[in-house]
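# Notes for the structure review
Residues per chain are reported as follows:
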Amino acid sequence: MRGTLGLLLTACLLTTTTLAAGPKVTLVVSPQAPALEQTAASELADLLRRMYDAEVTTASSLPTNGSAIIALGSPATNPVLKPLANEWPRLSDQGHVLKSVKLGSTPVLVVGGGSPVATLWGAYELGHQWGARYLLQGDELPDEPAPLRVDGFNQTWEPRSEEHTSELQSQF
């Protein structure tokens, strides 16, 4: 009896785990991408796993597996984004972009920047858009995150000033 009950409980737990599996996401980043863009992909993968229990893979080309696709970098650093070169926004080395596009017939969310560090900032901005808050004592993730989506983004950020100073410094 105990053995049967144990098997039944194990089967229920395995079924629940299978049903609760998160979305499939593919991060598209060039193998030759600068180190900071590789870091952006790693940080985004970690966030997707923690926030959405996502099954995250990294690829250098567009997948055909039906997963949500997020491409990181710029047309200069990611060959998959080269078709967007003519419509790529003018970005300073500190500007970053989140933009939903179609590459062929494939929906893709582009996380890019005017430099590799700006692409990293774009990855953190995407997390912020999904509800993550990055604090000194650790990341705060929402208890009930909004559904994972890669459509509907069309935002560009540029600093107000090229010089970064605190309010206190700027008063002297």
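We now turn to the structure provided with this report. As the structure is a computational prediction, the values presented were derived from the model and not from experiment.

Criteria and thresholds
Residues numbered from 1 in each chain as written. Predicted model: local features only at pLDDT ≥ 70, side-chain atom pairs only at ≥ 80, totals over all residues. Heavy atoms only, no water. Helix = DSSP H or I, 4+ residues; strand = E, 2+ residues; numbered from the N terminus. Contact = heavy atoms within 4.5 Å. Areas by Shrake-Rupley, 256 points an atom, 1.4 Å probe, with all protein chains shown as cover. Expected span 1.5 Å × (residues − 1). Core = buried A, V, L, I, M, F, W, Y, C linked by side-chain atoms within 4.5 Å. Buried < 20%, exposed > 50% of the residue type's maximum accessible area, 1.4 Å probe, protein only. Pairing = 2+ DSSP bridges. Phe/Tyr/Trp six-rings, centres within 6.5 Å; stacked < 30°, edge-to-face > 60°. Salt bridge = Lys/Arg side-chain N within 4 Å of Asp/Glu carboxyl O. Axes fitted to C-alpha atoms, helices over the stretch in contact; angles between N-to-C directions.

Our focus in this paragraph is the overall build of the protein chain. When helices and strands are counted, the protein chain shows four helices and eight strands. In the protein chain, the succession of α and β elements from N to C terminus is α-β-α-β-β-β-β-α-β-β-β-α. Contacts spanning at least 24 positions in sequence make up 67% of the contacts within the protein chain whose residues lie at least 6 apart. Per element, the accessible surface of the protein chain, about 10600 Å² overall, is 54% carbon and sulfur.

Relative to the 26 Å expected for 18 residues at 1.5 Å per residue, helix 2 (residues 35-52) spans 25 Å between its end C-alpha atoms, a close match to the ideal helical length. In this fold, the buried residues of helix 2 make contact with strand 1 (24-28), strand 2 (55-59), strand 3 (68-72), helix 3 (116-129) and strand 6 (133-135). At the exit of helix 2 stands Asp53, carrying a positive phi of roughly 55°.

Right, let's get into the nonpolar core. With 26 residues, the main nonpolar core has Leu27, Leu44, Leu48, Ile70, Leu126 and Trp130 as its most contacted residues. Those elements that provide at least two residues to this core are strand 1, helix 2, strand 3, strand 5 (106-113) and helix 3. Here this core gets eight residues from one element, more than from any other, and that element is helix 2. Not counting chain neighbours up to four residues away, the residues in contact with Leu126 comprise Leu44, Ile70, Leu98, Leu109, Val111 and Phe153. Counting 10 residues, the second largest nonpolar core, distinct from the first, contains Val28, Leu81, Val101 and Val108.

This part is about the pairing of strand 3. The side chains of a regular strand alternate, first on one face of the sheet and then on the other. Most of strand 3 is tucked away, with four of its five residues classed as buried. Bridge analysis of strand 1 against strand 3 gives four bridges, and the strand direction is parallel. Across the sheet, residue Thr26 finds its bridge partner in strand 3, namely Ile69. Sheet topology places strand 3 next to strand 5; three bridges connect them, and they run parallel. Paired with Leu72 across the two strands is Val111, which belongs to strand 5.

With that settled, consider the packing of aromatic side chains. Enumeration according to the criterion identifies two aromatic pairs in this entry. When the ring of Tyr52 is compared with that of Trp130, the centres are 5.7 Å apart and the planes differ by 85°; the resulting orientation is edge-to-face. Of this pair, Tyr52 sits in helix 2 while Trp130 sits in the loop between helix 3 and strand 6, placing them 78 residues apart in sequence. Classification of Trp130 by relative accessible area gives buried; the value is 5%. Note on Tyr124 and Tyr134: the rings are 5.3 Å apart at their centroids and 70° apart in plane angle, and the pair reads as edge-to-face.

Counted by the stated rule, this structure contains two salt bridges. Notably, a salt bridge pairs Asp46 with Arg50, separated by 3.1 Å at the nearest N-O pair. Taken together, the positions of Asp46 and Arg50, both in helix 2 and four residues apart, correspond to about one turn of that helix. Take Asp46: its relative accessible area is 35%, and that puts it in the partly exposed class. Looking at Arg50, the relative accessible area reads 40%, which means it is partly exposed.

Spatial ordering of the open sheet is given by 2-1-3-5-4-8, a layout of six strands whose pairing is mixed. Only two strands of the sheet have a single neighbouring strand rather than two, namely strand 2 and strand 8 (154-157). Mean inter-strand twist for the sheet, computed between neighbouring axes without regard to direction, equals 25°. The sheet contact formed by strand 4 (residues 96-103) and strand 5 spans eight bridges and is antiparallel. Residue pairing for strand 5: Leu103 is matched across the bridge by Thr106. Where helix 2 meets the sheet, its contacts fall on strand 1, strand 2 and strand 3, and the angle it forms with strand 3 comes to roughly 150°. Helix 3 rests against strand 3, strand 4, strand 5 and strand 8 of the sheet, and its axis sits at about 120° to strand 5.

Function cannot be inferred from these measures alone, as they are strictly geometric.
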